[in-house]
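Residues per chain are reported as follows:
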Amino acid sequence: MSDTPGRWAWADIDLDALAHNVEQLRAVVAPSELWAVVKANGYGHGAVDVARTVLGAGAAGLCVALVEEGLELRAAGIDAPVLVLSEQPVTASDVIVRSRLTPTVYTPAAIDALAAAADRAGVSELAVHLKVDTGMQRVGARPGDVEGLVTRLADHAPTLRLAGISTHLAAADEPERDATATQLARFDDVLAALRTAKLLTPDVAVHVANSAGALAHPSARRSFVRAGIAVYGISPGSGVDDLCVGLRPALSLRARVSFVKTVRAGSQISYGWRHTFERDTTVATVPIGYADGVPRRLSATGGEVLIGGRRRPIVGVVTMDQLMVDCGPGDAVRPGDEVVLIGAQSGPGGRDRIRAEEWADRLDTIGYEIVCGISGRVPRRPGRSIDDGMVEH
């Protein structure tokens, strides 16, 4: 059976792994709820399929980065709460209101624009969340400005309602540092001041923890946690790897060998002739490249693939649409053989797995960038687990 029309490269998405991870995380953070972050096309896994799966596994809501990401979920018939994690252009206010997205605010302009949009739409009560900058210094209101912004929201009542207040942790994946404790203390000072001023009611949701915060910092688990990368079975960082052992990677990146040839010792390969073969060997071409999300420099940092359950090195520069693999002298590799770039494969020596974190380590980056970087031209094939690392469609 062909894997995709005209394409021998695809990503398998294990929906059972996603559900398992949500269940595992919910057990860790209880009694806090879990909201799943599905921005960036569900971290490269396919936002709609991910959203349906995680909601079915007990996620209480969804988080996105862009209005457009929320609209995609609504167009797919997903009616769950969808929190937009940062302020959007004021020109998007009408769409936010019409699509029943939950906006995040931290400036007077955004508050006023949303109130006006709600009035135009005849919406009597629009729930909004307020973000506080406690040290990330990316977005959010300064602690000293929060009371004024909450008062401004109250001035627009009942059109606007403060439904949540949040902050974002900068170094939760490094639990040995005091950064998270410092941020939590600043945030709690803000909450205490609001309560003293009678501006914060018990029904306002409080949320702080990302994946690393949810796993490593129990005091950051408030009304709910915003779980992102951990939902997909990938560690948020090496400092919390030990807390991720029960999670299962949901994405496998696979292809098929498209061409096989024998090359001679002393010959060179790919752009720039940067790799010279030391012996006669068999080279397999794989029809996936940097336009698909395989970084061009992966071969220079020791990147490998699995063919026949054995690790084999990528040789030469990864090109836009293809890469080459040294399969060893006399190896019986044939066109059509499965190639696993990320994921598991069985062979004569047992079962091996290449994880997104392995690519990240080789490339001095994080697992987030690896899976988010898999391009839209790679078909996603959602399915169910039949055994470890295998997906049935």
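Residues numbered from 1 in each chain as written. Predicted model: local features only at pLDDT ≥ 70, side-chain atom pairs only at ≥ 80, totals over all residues. Heavy atoms only, no water.

A. Fine view of the pairing of strand β7 (residues 160-166). Buried residues dominate β7, accounting for six of its seven residues. Of the strand pairs in this sheet, strand β6 (residues 126-131) and β7 are connected by six bridges, and their pairing is parallel. By the bridge assignment, Leu-126 is partnered in β7 with Leu-160. Bridge count between β7 and strand β8 (residues 205-207): three bridges; the pairing is parallel. Bridging across to β8, Ser-166 finds its partner in His-207. The β-α-β motif built from β7, the intervening helix α8 (residues 179-196) and the parallel element β8 has right-handed crossover chirality. (Buried < 20%, exposed > 50% of the residue type's maximum accessible area, 1.4 Å probe, protein only. Helix = DSSP H or I, 4+ residues; strand = E, 2+ residues; numbered from the N terminus. Pairing = 2+ DSSP bridges. Right-handed = clockwise from strand over helix to strand, strands pointing away.)

B. Broad picture of the layout of surface pockets. Here the largest pocket is characterised by a volume of approximately 550 Å³. Forming the boundary of the largest pocket are 27 residues, of which Lys-39, Tyr-43, Arg-138, His-168 and Asn-210 lie nearest the centre. Contributing elements (two or more residues each) for the lining of the largest pocket: α2 (39-43), α9 (211-216), β9 (224-227) and α11 (367-372). By residue number, the principal contributor to the lining of the largest pocket is α2, which donates three residues. Among the residues forming the lining of the largest pocket, the class breakdown is 17 nonpolar, five polar and five charged. Estimates place the volume of the second largest pocket at around 340 Å³. Considering the residues around the second largest pocket, the lining is formed by 18 residues, among which Pro-81, Arg-100, Thr-102, Ala-127 and Ala-163 are closest to the centre. (1 Å grid on protein atoms, 1.4 Å probe; cavity = no way out; pocket = protein on both sides within 12 Å on 5 of 7 lines; lining within 4 Å. Points joined across faces, edges and corners; volume = space filled by probe spheres on them. Nonpolar A, V, L, I, M, F, W, Y, C, P; charged D, E, K, R; others polar.)

C. Geometry of the pattern of salt bridges. Here the structure, examined in full by the defined rule, presents 22 salt bridges. A salt bridge links Arg-100 to Asp-79; its shortest N-O distance comes to 2.7 Å. Of this pair, Arg-100 sits in the loop between α5 (93-98) and β5 (104-105) while Asp-79 sits in the loop between α4 (67-75) and β4 (82-84), and the two are 21 residues apart along the sequence. Residue classification places Arg-100 among the partly exposed residues on the basis of a relative accessible area of 47%. Note on Asp-79: relative accessible area 55%, which makes it exposed. A salt bridge links Asp-292 to Arg-377, with the nearest nitrogen and oxygen atoms 2.6 Å apart. With Asp-292 in the loop between β14 (281-286) and β15 (304-307) and Arg-377 in the loop between α11 and β20 (380-387), the pair connects residues that are 85 residues apart, well separated along the chain. Judged by relative accessible area, which is 0%, Asp-292 ranks as buried. (Salt bridge = Lys/Arg side-chain N within 4 Å of Asp/Glu carboxyl O.)

Spatial relationships are all this shows, so hold off on functional conclusions.
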